[in-house]
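Structural description and commentary
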Amino acid sequence: MNVRTWIVAGMVQVLLAWLAQPVQAADRIKVAMMDQQQVVERSVAGKRALEDLKSYSTTRQKIIDSDDQELKELEKGLQDASLSEEVRKEKQEQFRAKLEAYQRRIQDFNREVQEKQKGMVQDFAQRIHAAVSAVAQKEGYTAVIDRGSEASVKIVVYGHSSIDLTEQIVKEFDRQNK
């Protein structure tokens with residue numbers, strides 16, 4: 001072998017040794033994934049909270065529907081050709097005031113539902129973190145990554161099912177949140 005071949009062989013060995021180091025370090029890191037949305041949807045406390053939120057929204061929707069029906073009846077009353085001009089103006093003013101109140105109520109209810117939803121998400125994020133920490137420490141994981149979902153940012157593109165801790169986290173979450 002000539003000198004040039006020795007130098008190239010030496011550089012390849014150094015490069016291979018350098019590339020092998022991260023692989024050896026990665027062997028000591030234990031990573032898992034989980035699905036936070038599934039924890040909320042499958043846990044007892046999560047199902048209860050989602051049902052409460054749905055009930056809260058449904059109650060508000062019934063009020064909106066009732067207001068909507070009242071507005072339709074007022075509008076229908078305005079179509080009566082036998083109304084005097086004075087009565088028609090009075091009914092139009094009443095309709096306009098009810099419409100403004102209706103629109104305000106929709107905005108208020110939407111804001112209330114969003115605030116309730118935001119509060120629930122923040123509360124569950126903290127509680128899920130506690131369950132994830134317990135499972136990760138018990139199983140010796142260095143990191144647990146939320147896989148994300150189609151509705152949010154999909155963080156994990158691929159992960160083998162053997163590193164999915166979602167089911168253990170749901171059980172731990174239920175245990176912690178009886």
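Structural data are supplied above this passage.
First things first, this report covers the structure right here in the doc. Treat the numbers as computed from the prediction; the structure is a model and nothing was measured.

Definitions and limits used
Residues numbered from 1 in each chain as written. Predicted model: local features only at pLDDT ≥ 70, side-chain atom pairs only at ≥ 80, totals over all residues. Heavy atoms only, no water. Helix = DSSP H or I, 4+ residues; strand = E, 2+ residues; numbered from the N terminus. Expected span 1.5 Å × (residues − 1). Buried < 20%, exposed > 50% of the residue type's maximum accessible area, 1.4 Å probe, protein only. Contact = heavy atoms within 4.5 Å. Axes fitted to C-alpha atoms, helices over the stretch in contact; angles between N-to-C directions. Parallel < 35°, antiparallel > 145°, perpendicular 65-115°, else oblique. Left-handed = near helix turned anticlockwise from the far one by under 90°. Lys, Arg positive; Asp, Glu negative; His and termini not counted. Salt bridge = Lys/Arg side-chain N within 4 Å of Asp/Glu carboxyl O. Polar contact = N/O pair within 3.5 Å; in protein donor to acceptor, adjacent residues only side chain to side chain. Nonpolar A, V, L, I, M, F, W, Y, C, P; charged D, E, K, R; others polar. Core = buried A, V, L, I, M, F, W, Y, C linked by side-chain atoms within 4.5 Å.

Turning our eyes to something else, we now look at helix H4 (residues 85–139). Along its 55 residues, H4 runs 79 Å from first to last C-alpha, staying within 8% of the 81 Å computed at 1.5 Å per residue. Every buried residue of H4 is accounted for by Arg88, Phe95, Tyr102, Phe109, Val113, Met120, Phe124, Ile128, Ala131, Val132, Val135 and Ala136. Against strand S1 (31–34), helix H2 (36–42), helix H3 (44–78), strand S2 (143–146) and helix H5 (166–176) lie the buried residues of H4. Gly140 occupies a position one or two residues after H4 and carries a positive phi of about 80°.

Moving on, we get to the packing of H4 against H5. Running from amino to carboxyl end, H4 crosses H5 at an angle of 115°, the nearest separation of the two axes being 9 Å. Considering their axes alone, H4 and H5 lie roughly perpendicular with respect to each other. Both H4 and H5 take part in a crossing whose hand is right-handed. Of H5, the residues touching H4 (which contributes Phe124, Arg127, Ile128, Ala130, Ala131, Val132, Ala134 and Val135) are Gln168, Ile169, Glu172, Phe173 and Gln176.

As a further point, take the environment of Asp35. Note on placement: Asp35 falls in the loop between S1 and H2. For Asp35, a relative accessible area of 11% corresponds to the buried category. Spatially, the C-alpha atom of Asp35 lies 8.2 Å from that of Asp164, the residues being 129 residues apart in sequence. Excluding residues within four positions of it along the chain, Asp35 makes contact with Asp146, Arg147, Gly148 and Thr166.

With that settled, the discussion passes to the side chain of Arg88. Its location among the elements puts Arg88 in helix H4. Buried and without a salt bridge, Arg88 has Glu85 as its closest oppositely charged side chain, separated by 4.6 Å. A polar atom in the side chain of Arg88 sits 2.6 Å from the backbone oxygen of Leu78. Aside from chain neighbours lying at most four places away, what touches Arg88 is Leu78, Asp80, Ala81 and Leu83.

Under the defined criterion, the tally for this structure stands at 11 salt bridges. Salt-bridge contacts for Glu112 lead to Arg60; the nearest nitrogen and oxygen are separated by 3.3 Å. Residue Glu112 is found in helix H4, and its partner Arg60 is found in helix H3; the two are separated by 52 residues along the sequence. For the salt bridge of Glu93 with Arg96, the shortest nitrogen-to-oxygen distance reads 2.3 Å. Highlighted residues: Glu93 and Arg96, both in helix H4, separated by 3 residues, approximately one helical turn.

Another aspect to go through is the packing of H3 against H4. Packed helices, taken two at a time, are described by the angle between their axes plus the distance between the axes. Packing of H3 against H4 leaves a shortest axis separation of 9 Å and a crossing angle of 175°. With respect to their mutual orientation, H3 and H4 come out roughly antiparallel. Across the contact of H3 with H4, the residue classes tally to 18 nonpolar, 6 polar and 12 charged.

Counting 19 residues, the largest nonpolar core has Met34, Val39, Phe124, Ile128, Leu165, Ile169 and Phe173 as its most contacted members. Elements supplying a minimum of two residues to this core: S1, H2, H3, H4 and H5. Broken down by element, the residue count for this core peaks at 7 residues, all from H4. With near-sequence residues (within four places) excluded, Phe124 lies in contact with Val40, Ala45, Gly46, Ala49 and Phe173.

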